[in-house]
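Structural overview for review
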4 protein chains.
Amino acid sequence: MDKAKPLPAYLVQRYQGWKATTYAENSAWYRKLATGGQHPRAMVISCCDSRVHVTSIFGADQGEFFIHRNIANLVPAYQPDGAHHGTSAAIEYAVQVLEVAHLIVLGHSNCGGVQGCLSMCSGQAPELDAKDSFVGRWMDILRPKYELVKDIDDEAEQVRQLEKHAVMMSLENLMTFPWLAEKVNSGKLTLHGMWTDIAEGGLEYYNPAAVKFDKV
Amino acid sequence: MDKAKPLPAYLVQRYQGWKATTYAENSAWYRKLATGGQHPRAMVISCCDSRVHVTSIFGADQGEFFIHRNIANLVPAYQPDGAHHGTSAAIEYAVQVLEVAHLIVLGHSNCGGVQGCLSMCSGQAPELDAKDSFVGRWMDILRPKYELVKDIDDEAEQVRQLEKHAVMMSLENLMTFPWLAEKVNSGKLTLHGMWTDIAEGGLEYYNPAAVKFDKV
Amino acid sequence: MDKAKPLPAYLVQRYQGWKATTYAENSAWYRKLATGGQHPRAMVISCCDSRVHVTSIFGADQGEFFIHRNIANLVPAYQPDGAHHGTSAAIEYAVQVLEVAHLIVLGHSNCGGVQGCLSMCSGQAPELDAKDSFVGRWMDILRPKYELVKDIDDEAEQVRQLEKHAVMMSLENLMTFPWLAEKVNSGKLTLHGMWTDIAEGGLEYYNPAAVKFDKV
Amino acid sequence: MDKAKPLPAYLVQRYQGWKATTYAENSAWYRKLATGGQHPRAMVISCCDSRVHVTSIFGADQGEFFIHRNIANLVPAYQPDGAHHGTSAAIEYAVQVLEVAHLIVLGHSNCGGVQGCLSMCSGQAPELDAKDSFVGRWMDILRPKYELVKDIDDEAEQVRQLEKHAVMMSLENLMTFPWLAEKVNSGKLTLHGMWTDIAEGGLEYYNPAAVKFDKV
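Residues numbered from 1 in each chain as written. Chains lettered and ligands numbered in written order. Predicted model: local features only at pLDDT ≥ 70, side-chain atom pairs only at ≥ 80, totals over all residues. Heavy atoms only, no water.

Naming follows an unreviewed UniProt entry, where chain A appears as Carbonic anhydrase of Sulfitobacter undariae.

Laid out in structure tokens, this is it:
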């Protein structure tokens with residue numbers, strides 16, 4: 001592997017700034033985190049999207065959240081077939097090894113992955129149907145929910161609804177992991193479904209009693 | 001799915017604080033990001049570990065980095081078999097849709113995933129060899145590198161070397177994606193391998209000329 | 001004193017959030033509290049333990065409780081010898097200056113101080129017997145109660161009983177303060193002994209008629 | 001001890017509210033805190049004053065801060081004489097057992113203890129000079145700083161300066177604990193001196209370079 005390059009200078013400069021300020025102010029804590037290990041209270045499953053940084057929204061500092069980020073904050077169903085399952089591995093580590101108390105799935109507005117799923121399911125993006133489209137095959141996880149939104153006329157509303165269904169899909173799939181369901185049922189783990197609006201800074205949570213999202 | 005709970009009050013309170021300060025100060029930017037879409041300069045592949053928040057280390061704000069986080073910042077080899085591949089989907093979206101200019105793999109010290117890989121490969125963690133161990137099967141990606149560190153006597157040094165090999169493994173596997181290699185070879189994308197020391201706040205980059213990591 | 005550092009940024013951020021929300025909503029009350037002085041209804045003596053925040057459990061807002069927190073919520077006996085007595089000073093201020101109507105001693109489960117006392121008294125923690133062990137010398141206050149629990153076989157039950165005896169010990173010692181006993185006897189002050197279970201969120205009170213703790 | 005009474009009904013009602021809401025939403029976390037123990041990042045030494053709740057100002061939830069509260073947030077000098085030292089015991093437990101990374105001394109405006117110290121030192125409160133005045137003997141810790149403020153004419157400014165000197169006095173006395181100084185000098189613990197204005201919700205930190213308090 002001979003292609004790697006040094007870090008761009010602007011990032012080196014920012015890193016040096018962090019080292020001289022944030023690190024310097026927190027070095028005792030970082031050393032303790034290194035020697036004493038991490039004890040995060042929650043795992044967060046969020047999107048890779050550059051506009052959604054959960055550490056900012058929740059003021060989370062080093063050591064607080066164990067964070068998995070993938071396209072559209074999706075969790076596949078339990079499938080212990082011996083293949084590489086990155087999301088399932090992250091969940092297993094958080095729940096079984098770190099024993100986090102909360103598992104938060106955070107969806108968001110303007111999600112490119114969800115928009116792509118909609119285009120694919122409605123036949124407008126045949127390239128996403130190709131076997132070698134990793135995005136398409138990943139968004140297959142959300143495909144069962146397309147039926148629930150396909151008749152919504154307002155396209156913006158349709159995407160928004162499917163974004164929220166992505167959160168619910170993930171919550172449903174989480175419960176297919178037997179050791180996770182056991183912890184939820186015995187009160188050792190709580191699940192939370194959230195959705196944030198990038199433009200307005202809004203935050204909503206899934207309310208199972210009302211089967212809809214309410215503002216926090 | 002009737003198990004979801006509202007967000008814990010302490011997070012609601014922190015969110016309200018964020019809304020009243022950070023969001024309020026940046027609402028024009030967030031609205032533009034929502035309507036104009038994201039244009040991140042780099043994709044970062046980092047670990048889920050709660051002690052490594054790349055947005056903090058690099059002072060990154062909303063819109064700058066497209067971030068995928070999984071156990072041990074691993075990238076599997078290109079495998080377009082139609083199954084769900086979350087990491088590959090994130091890479092495809094960043095490179096093909098967003099056309100990021102940099103792809104940074106960020107490893108770190110004290111990595112529980114790498115430590116687990118070492119225990120598994122040396123026969124001390126048979127539970128990780130089980131077919132239904134998602135963590136074990138995910139860490140199989142790193143298994144080929146075990147040979148290179150198995151004779152290191154100092155255990156701390158052994159883990160540290162394998163953590164760095166995890167970064168190199170990911171860089172190697174990235175180049176197996178044909179459309180990614182094409183962009184690297186044509187100068188449209190640069191790859192960067194980094195490793196950070198949690199305790200000391202150190203940062204090193206992979207130097208292919210010297211085949212080792214150097215301090216930035 | 002040249003060692004002090006600025007506040008870590010994550011706490012500055014949280015403070016700014018509090019200032020923009022909780023403070024902004026209550027500024028009139030906070031200004032009145034500043035100019036008109038505090039008039040708390042109760043004093044609470046609680047443990048320093050990070051898992052027991054009395055303001056949370058009792059929904060107490062600014063101005064309601066005068067709170068002293070020390071290791072294992074202990075009150076030493078009245079000893080007006082001219083030395084520094086932090087707990088006795090806090091009690092004197094609350095009872096004589098602020099004239100609170102209630103004095104609540106709040107014990108809790110999983111108390112490290114009480115566990116240490118048990119280890120010390122049973123000979124398993126000789127380091128706590130050293131003259132320069134501040135924790136050991138502080139837990140000497142509880143030592144007389146060890147006799148009452150030393151024959152309990154179930155270790156979890158033994159700790160739990162000693163935690164409750166710590167509350168009773170404090171109540172007994174409170175009555176050795178002559179001006180406090182006078183107020184209790186004349187109906188100007190009432191004492192309350194409480195114990196909370198961290199895991200289950202339980203709350204019990206000391207019932208002198210039954211000489212045991214009952215659920216509230 | 002036959003004087004204890006049940007909890008006042010208004011507090012039982014609030015507790016039931018907490019149990020049904022905050023506890024119910026966080027039961028998984030509280031159970032983990034009970035079984036896995038506390039790992040607080042910081043110790044805070046604050047005043048008993050009912051108007052200063054550090055958990056509110058810093059949005060701290062269960063498990064985050066180990067909190068000692070006494071009159072005027074004072075720390076006495078290291079004195080391992082075998083007597084009961086509640087403040088020193090709390091510091092020892094936080095620094096030696098829990099190994100917190102930060103120790104924050106939080107002073108505040110309108111401090112009755114500091115006002116009493118000023119009255120005592122200026123001869124206006126002879127009752128506080130009595131041997132059996134626990135408040136007076138506790139405030140003796142701050143007495144050495146009276147010399148530095150005695151010539152300030154503006155009384156409000158004089159109290160404010162002495163409140164800040166109380167924070168500095170505590171920081172100085174903290175460094176007389178040999179095992180604490182060792183951790184500060186080796187970068188395992190950082191000290192922070194803060195002062196908050198109740199009326200305005202302000203927050204200042206001690207800046208040793210300038211030998212004064214600056215706004216955060």
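Picking up where we left off.
Aligned on chain D, chain C shows an RMSD of 0.1 Å; the corresponding rotation is 180 degrees and the shift along the axis is 0.0 Å. These values place the two chain copies in the arrangement generated by a two-fold rotation axis. Of every C-alpha in chain C, the one belonging to C:Arg69 sits nearest the axis of rotation, 2.5 Å from it. (Least-squares fit on C-alpha atoms with pLDDT ≥ 70 in both.)

Attention now moves to the interface of chain B and chain A. How big an interface is tends to be reported as the loss of accessible area on association of its parts. If you look at the interface, chain B gives 100 residues, while chain A gives 99 residues. Where chain B packs against chain A, one counts four salt bridges. A salt bridge links A:Glu200 to B:Arg31; the nearest nitrogen and oxygen atoms lie 3.1 Å apart. Connecting chain B to chain A are 49 residue pairs in polar contact (both at pLDDT 80 or more). In terms of residue class, the side of chain B that touches chain A is made up of 49 nonpolar, 31 polar and 20 charged. (Contact = heavy atoms within 4.5 Å. Salt bridge = Lys/Arg side-chain N within 4 Å of Asp/Glu carboxyl O. Polar contact = N/O pair within 3.5 Å; in protein donor to acceptor, adjacent residues only side chain to side chain. Nonpolar A, V, L, I, M, F, W, Y, C, P; charged D, E, K, R; others polar.)

Below, the discussion takes up the relation of the copies chain B and chain A. Aligned on chain A, chain B shows an RMSD of 0.1 Å; the corresponding rotation is 180 degrees and the shift along the axis is 0.0 Å. Of the residues that chain B buries at the interface, 99% are likewise interface residues in chain A, meaning the two copies contact each other through the same surface.

Here we take up the UniProt feature "binding site: Zn(2+)" (unreviewed entry) in chain A. All names here are of chain A. UniProt marks Cys-47, Asp-49, His-108 and Cys-111 with the feature "binding site: Zn(2+)" (unreviewed entry), using the numbering shown here. Look at the named residues: they lie 65 residues apart in sequence, but the longest C-alpha span between them is just 9.0 Å, so in the fold they bunch up. As for its position among the elements, Asp-49 is in the loop between strand 1 (42-47) and helix 2 (54-57). What makes Asp-49 buried here is its relative accessible area of 1%. (UniProt positions renumbered as here; feature names shortened; annotations may be inferred. Helix = DSSP H or I, 4+ residues; strand = E, 2+ residues; numbered from the N terminus. Buried < 20%, exposed > 50% of the residue type's maximum accessible area, 1.4 Å probe, protein only.)

Turning our attention to unusual backbone geometry. For residues that are not glycine, phi is negative in most cases, and the peptide bond is trans in most cases. Positive phi, close to 50 degrees, is recorded for C:Glu99, a residue that is not glycine. Within the element layout of this structure, C:Glu99 appears in the loop between helix 3 (86-97) and strand 3 (102-108). Positive phi, close to 45 degrees, is recorded for D:Asn73, a residue that is not glycine. You can see D:Asn73 is positioned in the loop between strand 2 (65-70) and helix 3 (86-97). Residue classification places D:Asn73 among the buried positions, given a relative accessible area of 2%.

On to the side chain of B:His108. When you line up the elements, B:His108 lands in strand 3 (residues 102-108). Residues contacting B:His108, with those up to four places away along its chain left out, are B:Cys47, B:Asp49, B:Val52, B:Asn73, B:Glu163, B:Trp195, B:Thr196 and B:Ile198.

Residue and element names in this part refer to chain A. A cluster of acidic residues, Asp-151, Asp-153, Asp-154, Glu-155 and Glu-157, forms a negative patch at the surface. Following the sequence through the fold, Asp-153 ends up in the loop between helix 6 (146-149) and helix 7 (155-174). By relative accessible area, Asp-153 is classed as exposed at 78%. (Patch = residues over 30% accessible without salt bridge, like charges linked within 9 Å, V, L, I, M, F, W, Y side chains within 5 Å. Areas by Shrake-Rupley, 256 points an atom, 1.4 Å probe, with all protein chains shown as cover. Lys, Arg positive; Asp, Glu negative; His and termini not counted. Charge placed at Lys NZ, Arg CZ, Asp CG, Glu CD.)

A separate point is the pattern of salt bridges. Any two side chains of opposite charge can pair, on the condition that their charged atoms come close. Taken as a whole and judged by the stated rule, the model has 52 salt bridges over all chains. A:Arg51 is the partner of A:Asp49 in a salt bridge, and the nearest nitrogen-oxygen pair spans 2.7 Å. Like A:Asp49, the residue A:Arg51 is buried in the burial classification. Salt-bridge contacts for D:Arg41 lead to A:Asp61; the nearest nitrogen and oxygen are separated by 2.6 Å. Taken together, the residues span two chains, with D:Arg41 in the loop between helix 1 (9-36) and strand 1 (42-47) and A:Asp61 in the loop between helix 2 and strand 2 (65-70). Each of the two residues, D:Arg41 as well as A:Asp61, counts as buried. Within the structure, one salt-bridge network assembled from shared partners comprises A:Glu64, B:Arg14, C:Arg14 and D:Glu64.

The subject of this paragraph is the domain arrangement of chain A. Residues and elements named next belong to chain A. One can read the domain layout of chain A as domain 1 (1-37) and domain 2 (38-215). Placing a centre on the C-alpha atoms of domain 1 and another on those of domain 2 gives a separation of 29 Å. Listed by partner, the interface residues are six residues for domain 1 and four residues for domain 2. Together, Tyr-30, Leu-33 and Gly-37 form the three largest contributors to the area buried by domain 1 at its contact with domain 2, with a combined 66%. Applying the counting rule to domain 1 against domain 2 returns zero salt bridges. Connecting domain 1 to domain 2 are two residue pairs in polar contact (both at pLDDT 80 or more). (Domains from an automatic or database assignment. Buried area = accessible area lost by both parts, 1.4 Å probe.)

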